[in-house]
Amino acid sequence: MRNRPSLPPPPPPVELRSWPDREAMLADRAFVLRELVRMHMGPGRLGVLMMWAGLTAFGWLLVGSGLVIVEQAADFLSGIAGIVSLLLGAGALIPAVVLSALHVARDREVRALLTEWGALDRDPERDRELRLPGTSLVWLLLSFVLAAGGLALCVIGPASARPGDDTYGMVALVMGLGMVAWLTGLVGAVKASAHRRWVLRVLTAPAPAPAPLTPAGALTPAGGRPASSEPPPPGSGTPSRSSGR
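Bear in mind the structure is a predicted one, so any value in this text is a computation, not a measurement.

Interaxial distance between helix α2 (residues 43–71) and helix α5 (residues 133–160) falls to 12 Å at its minimum, and their mutual angle equals 10°. Regarding the angle of α2 to α5, the classification is roughly parallel. As for the relative orientation of α2 and α5, their crossing is right-handed in sense. Between α2 and α5, the contacting residues are Arg45, Leu46, Leu49 and Met50 on the first element and Trp139, Leu142 and Leu146 on the second. Class assignment for the residues of the contact of α2 with α5 results in 6 nonpolar, no polar and 1 charged.

Have a look at this one:
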């Protein structure tokens, strides 16, 4: 299994920036932002989200089936089969939930880096390819369908259950599958809306004040005060306060 790519570092502090000029800084900014956008909204991320959602649904399907089997068990072997199904479902469900949580946490880190790198400057030509309106729309539509379908299962499942015919295990099975679909759709909708907010607040907002590209120590004396605030050296031709007396 291939290791997932590591996240790029945040932009260096102002006092440590050493880009030779603004164009070099914009080139590095564009490269990092392209990688971060791909990690956040790329087709691969959609596939990973659906894979973890499918594994979670499969695990809950086994758990719910085990509950139904145990609840309706007529003999010892049926009870054993239900327990085995419960164990297998837990073995698939727990890793899927943990990895899904890691997926969400990584997305938060990516969004923080997108904000930090995007705030360095503005580059309308390069930033245009980062907006991804079509990709955001696909994420939003798929998320809406999943969330709506999951919410319908969570409501229709218990409402349509008939006492004596439908067991508690069956109701839990249907509601669990609906909850998985609803949470997956919610995660996808949050990603799509967060990307849109980033585009509006960072890429299309007014450019920030330019920051120095070289270490601050090269621009100020060792004392930390600007050069204009230092007293003129003797013999420099600038009159001192005592010269007017």
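Considered as a void within the structure, the second largest pocket measures approximately 280 Å³ in volume. Taken together, 15 residues line the second largest pocket, and the ones lying closest to its centre are Thr56, Ser100, Val180, Leu183 and Thr184. Those elements that provide at least two residues to the lining of the second largest pocket are α2, α3 (76–118) and α6 (168–203). Among the elements that line the lining of the second largest pocket, the one with the most residues is α6, at 6 residues. For the lining of the second largest pocket, the class distribution of residues is 11 nonpolar, 4 polar and no charged.

Residues apart from glycine generally show negative phi values, whereas peptide bonds are mostly found in trans. Within the chain, Leu132 stands out as a residue other than glycine whose phi angle is a positive 50°. By relative accessible area, which is 25% here, Leu132 ends up partly exposed.

The rules behind each value
- Residues numbered from 1 in each chain as written.
- Predicted model: local features only at pLDDT ≥ 70, side-chain atom pairs only at ≥ 80, totals over all residues.
- Heavy atoms only, no water.
- Axes fitted to C-alpha atoms, helices over the stretch in contact; angles between N-to-C directions.
- Helix = DSSP H or I, 4+ residues; strand = E, 2+ residues; numbered from the N terminus.
- Parallel < 35°, antiparallel > 145°, perpendicular 65-115°, else oblique.
- Left-handed = near helix turned anticlockwise from the far one by under 90°.
- Contact = heavy atoms within 4.5 Å.
- Nonpolar A, V, L, I, M, F, W, Y, C, P; charged D, E, K, R; others polar.
- 1 Å grid on protein atoms, 1.4 Å probe; cavity = no way out; pocket = protein on both sides within 12 Å on 5 of 7 lines; lining within 4 Å.
- Points joined across faces, edges and corners; volume = space filled by probe spheres on them.
- Buried < 20%, exposed > 50% of the residue type's maximum accessible area, 1.4 Å probe, protein only.

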